[in-house]
Amino acid sequence: MESPSALACRGRVPWQGLLLAASLLAFWSLPTMAQLALELMPPNAAEGKDVLFLAHNLPEDLAGYAWFKGGRVDSTRQIASYRIDTQVNNPGPAYSGRETMYPNGSLLFQKVTLEDTGYYTLQAIKTHFHNEEVTGQLRVYPELPKPNITRNNSNPVEHKDSVVFTCEPEIQDTTYLWLINSQSVQNSPTLELSKDNRTLTLLRVTRSDIGPYECESRNPVSASRSDPLYLNVSYGPDSPTISPSDTHYRPGTNLNLSCHAASNPPAQYSWLINGRPKQSTQKVTIPNITVNNSGSYTCLVHNSVTRLNRTAVRTITVSDDDSAQQTPGLSDGAIAGIVIGVLAGVALIAALVYFLHIRKTGGASNQCKLEHKPSASNHKGHSDNSPDKIDEVTSSLNFNAQESKKPISASPSSTATETVYSEVKKGSNATCPAHCTAELFQASHLHH
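Residues numbered from 1 in each chain as written. Predicted model: local features only at pLDDT ≥ 70, side-chain atom pairs only at ≥ 80, totals over all residues. Heavy atoms only, no water.

### Points about the overall build of the chain
Then, in step 1: On a plain count of helices and strands, the chain comes out with six helices and 27 strands.
Then, in step 2: Total accessible area computed for the chain in this model is approximately 26700 Å², and 54% of it derives from carbon and sulfur atoms. (Helix = DSSP H or I, 4+ residues; strand = E, 2+ residues; numbered from the N terminus. Areas by Shrake-Rupley, 256 points an atom, 1.4 Å probe, with all protein chains shown as cover.)

Right, dumping it as structure tokens:
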């Protein structure tokens, strides 16, 4: 086994080793009462990388060191030994050519492999043969390759099939993580993970489970993620719809109907017109239609994978009658509003007519309704609501009676009569109806 100085001259000792060797010189000044210890740098080794067992708290009066593979001192598994007085390394039976011992007792492993995983023991040999020993563990992990996802069903059917995803390859001391839509996956009523998380099961697939799905493998020294995988879920067809929504057409126009239903894979379409097969297309076109084209138009939808069928029916009427044209109906609220508006209008008009009638006829009746009283015995039952008018007429009649007691002469008598009649006629025409005027006229003649 070559000495560290010889290796350094050949450039085989990395610069990290020189830095570590320099830093380890500080441990010579530590108190001798501290216990011998090992530090692994790095704590977890990646396959193909270098690892250093760094010795701490070396005792005084050292004669040399020895490294062994395993958890105890065993000469048959000795890697190498080093004598301080001669500064010579001696390889042992377990030496592989990748180990280097330093004067401070540290051991460098180059390009470690998975087989190097295990325990290693350092023996500090004193001049008085009172030796000290310490054991450290080396863990070597592989650089993980990029994983890939396999599945047991490449074309599941919605609400019918389950799907099992597996993250490949299987590697010892590796943990697995699943992501759906870049979100971490946990156990749920619809998802199930294996104990090692390497398999993911969708218990009942739906169309929303298309993905993407990713798996990630991890160990203490590396992590890697698979390419996204999308799931092709077969579903449908859902209930189809026929467009446009028109049901009434005029003769001579063109009839164009289209049918659509959500489906994966895309649905197959066919039509029945009045129960007779028409064509296996998504659309129906009939130019220059007549009344003979009236009837039921049925859209048939089929999914060849799910084996499900759906139908939709549209009744078409071809007519010249405008009343047959479909008009949108009014809502209940609109109808109620119209009825209330009409009733309110009728009530308002009736109130206005009544007011005008009362103002025209009722006021005249209150002012001019006169009741004639020729004598107390003949007209006791008559009364009138206009005392002023009664007084006026009575006064005129009394005046005529007094004039009748005077000597009768042709000229004065005629003048008096004309005067009374003129006064009565003027009052009656101004405010009284015709029958009231007639009664007053007769009363004036009785006094003559």
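### Some remarks on the pairing of strand S10 (residues 132–138)
Then, in step 1: Direction of pairing for strand S9 (residues 118–126) relative to S10: antiparallel, over a ladder of seven bridges. Residue pairing for S10: Thr121 is matched across the bridge by Thr135. (Pairing = 2+ DSSP bridges.)

### Remarks on the nonpolar core
Then, in step 1: With 23 residues, the main nonpolar core has Phe53, Trp67, Phe109 and Leu138 as its most contacted residues.
Then, in step 2: Those residues in contact with Phe109 that sit more than four places away from it in its chain are Lys49, Asp50, Val51, Phe53, Ile79, Arg98, Glu99 and Tyr120.
Then, in step 3: Judged by nonpolar contacts, the second largest core, of 19 residues, contains Cys259, Trp271, Ile289 and Val318. (Core = buried A, V, L, I, M, F, W, Y, C linked by side-chain atoms within 4.5 Å. Buried < 20%, exposed > 50% of the residue type's maximum accessible area, 1.4 Å probe, protein only. Contact = heavy atoms within 4.5 Å.)

### Points about the packing of aromatic side chains
Then, in step 1: Going through the model one piece at a time under the given rule, you end up with seven aromatic pairs.
Then, in step 2: Between Phe53 and Trp67, the ring centres sit 5.5 Å apart and the planes meet at 40°, which makes this aromatic pair tilted. With Phe53 in strand S3 (residues 51–56) and Trp67 in strand S4 (residues 62–69), the pair connects residues that are 14 residues apart, well separated along the chain.
Then, in step 3: When its relative accessible area of 1% is taken as the criterion, Phe53 is described as buried.
Then, in step 4: Plain terms: the ring middles of Phe53 and Phe109 are 6.5 Å apart, the flat faces sit at 70° to each other, and that makes the pair edge-to-face. Residue Phe53 is found in strand S3, and its partner Phe109 is found in strand S8 (residues 107–109); the two are separated by 56 residues along the sequence. Considered together, Phe53 and Phe109 belong to a single accessibility category, that of buried residues. (Phe/Tyr/Trp six-rings, centres within 6.5 Å; stacked < 30°, edge-to-face > 60°.)

### Examining the state of the cysteines
Then, in step 1: By the definition in use, this model includes two disulfides.
Then, in step 2: Shown here is the disulfide that connects Cys167 with Cys215, its sulfur atoms set 2.1 Å apart. An S-S torsion of about 65° defines the bridge between Cys167 and Cys215 as right-handed. Taken as a pair, Cys167 in strand S13 (residues 163–168) and Cys215 in strand S18 (residues 213–219) lie far apart in primary sequence, 48 residues in all. (Disulfide = S-S within 2.5 Å.)

### A closer look at the pattern of salt bridges
Then, in step 1: The final tally for this structure, using the stated rule, is eleven salt bridges.
Then, in step 2: When the shortest N-O distance is used, the salt bridge between Glu132 and Lys126 registers 3.2 Å.
Then, in step 3: Residue class for Glu132 comes out partly exposed when judged on its relative accessible area of 23%.
Then, in step 4: A salt bridge links Glu216 to Arg218; its shortest N-O distance comes to 2.4 Å.
Then, in step 5: Residue class for Glu216 comes out buried when judged on its relative accessible area of 7%. (Salt bridge = Lys/Arg side-chain N within 4 Å of Asp/Glu carboxyl O.)

### Some remarks on unusual backbone geometry
Then, in step 1: The amide bond that connects Gly211 to the next residue, Pro212, takes the cis arrangement and shows omega of 15°.
Then, in step 2: Of note, Pro212 is situated in the loop between strand S17 (199–202) and S18.
Then, in step 3: Here the bond from Asn264 into Pro265 is cis, since omega is 0°, no more than 30 degrees from zero.
Then, in step 4: Considering the arrangement of structural elements, one finds Pro265 in the loop between strand S22 (255–260) and strand S23 (268–273).
Then, in step 5: At Asn57, a residue that is not glycine, the phi angle is positive and equals roughly 60°.
Then, in step 6: Along the chain, Asn57 falls in the loop between S3 and S4.
Then, in step 7: Located in the positive-phi region is Asn274, a residue other than glycine, with phi close to 55°.
Then, in step 8: By secondary structure assignment, the location of Asn274 is in the loop between S23 and strand S24 (276–277).
Then, in step 9: Owing to a relative accessible area of 43%, Asn274 belongs among the partly exposed residues under this scheme.

### Structural notes on the sheet that holds strand S25 (residues 283–286)
Then, in step 1: Ordered by their spatial adjacency, three strands build an open sheet running S20-S22-S25, and the pairing between neighbours is antiparallel. Lying at the two open borders of the sheet, with one neighbouring strand each, are strand S20 (241–243) and S25. This sheet shows a mean twist of 15° between the axes of neighbouring strands, independent of strand direction.
Then, in step 2: Relative to S25, S22 runs antiparallel, the two sharing four bridges. Across the sheet, Ser258 pairs through a bridge with Lys283, a residue of S25. (Axes fitted to C-alpha atoms, helices over the stretch in contact; angles between N-to-C directions.)

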